Amino acid sequence: MTTQQSGPAATGDPDAIRADIERTRAELGDTVEALAAKADVKARAQDAAHTAKVRAQEKVAEGAQAVQEKVAEGAQAVQEKVTEGAHAVQEKVTEGAHAVQEKVTEGTVAVRQNPGRAAAFLAGLTAAITGLIMAMLRRRRRRGRSTRRG
């Protein structure tokens, strides 16, 4: 049984054999380093923890951005509702102002058409207010007398 050699050993060149040995040693060193890295459980766990941390930070950032977007949407919706409400209030106030203006105009026209009637109304109103004031003053005086006696 004969074995045939191939490569530098087959030629018998010592320099080629030495180069082949150096190349084989380098490959063996790379293989040992790769095996050592796989066997280093602590380093692998640290790498896995770092990867998990980075993923978690990315998820938190995505969640924060989603919350920020929802808040912005909600704020815009509120702003739109407030604007709509303000416009509605403005319309109601304008309508009320026009109604008051019409009533004042009608009252002015009525007073101009019949000034005696307006003067009589104002005289009656003045008399009624004066009567109320006088009644209040009498009531106060009576209370003052009753508290002094007791």
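Quick note: structure is the one above.
The rules behind each value
Residues numbered from 1 in each chain as written. Predicted model: local features only at pLDDT ≥ 70, side-chain atom pairs only at ≥ 80, totals over all residues. Heavy atoms only, no water. Helix = DSSP H or I, 4+ residues; strand = E, 2+ residues; numbered from the N terminus. Rg over C-alpha atoms; globule rule 2.2 N^0.38 Å. Buried < 20%, exposed > 50% of the residue type's maximum accessible area, 1.4 Å probe, protein only. Areas by Shrake-Rupley, 256 points an atom, 1.4 Å probe, with all protein chains shown as cover. Lys, Arg positive; Asp, Glu negative; His and termini not counted. Charge placed at Lys NZ, Arg CZ, Asp CG, Glu CD. Patch = residues over 30% accessible without salt bridge, like charges linked within 9 Å, V, L, I, M, F, W, Y side chains within 5 Å. Salt bridge = Lys/Arg side-chain N within 4 Å of Asp/Glu carboxyl O.

Visitor: What should I look at first to understand the overall build of the chain in this one?
Guide: Within the chain, the regular secondary structure consists of four helices and zero strands. Starting at the N terminus, the α and β elements of the chain follow one another as α-α-α-α. Over its C-alpha trace the chain gives a radius of gyration of 52 Å, far above what one expects of a compact globule, namely 15 Å for 150 residues. By principal-axis analysis of the C-alpha atoms, the chain measures approximately 150 × 60 × 25 Å. Burial statistics for the chain: of 150 residues in total, 1% are counted as buried. Total accessible area computed for the chain in this model is approximately 13,700 Å², and 59% of it derives from carbon and sulfur atoms. Across the chain, the centroid of the 24 positively charged side chains sits 38 Å from that of the 19 negatively charged ones.

Visitor: Would you mind going over a nonpolar patch on the surface with me for this structure?
Guide: A cluster of nonpolar side chains, namely Phe121, Leu122, Leu125, Ile129, Ile133, Met134 and Leu137, defines an oily patch on the protein surface of about 660 Å² accessible area. On the secondary structure map, Leu125 appears in helix α4 (residues 115-149). Residue Leu125 is classed as partly exposed on the basis of its relative accessible area of 39%.

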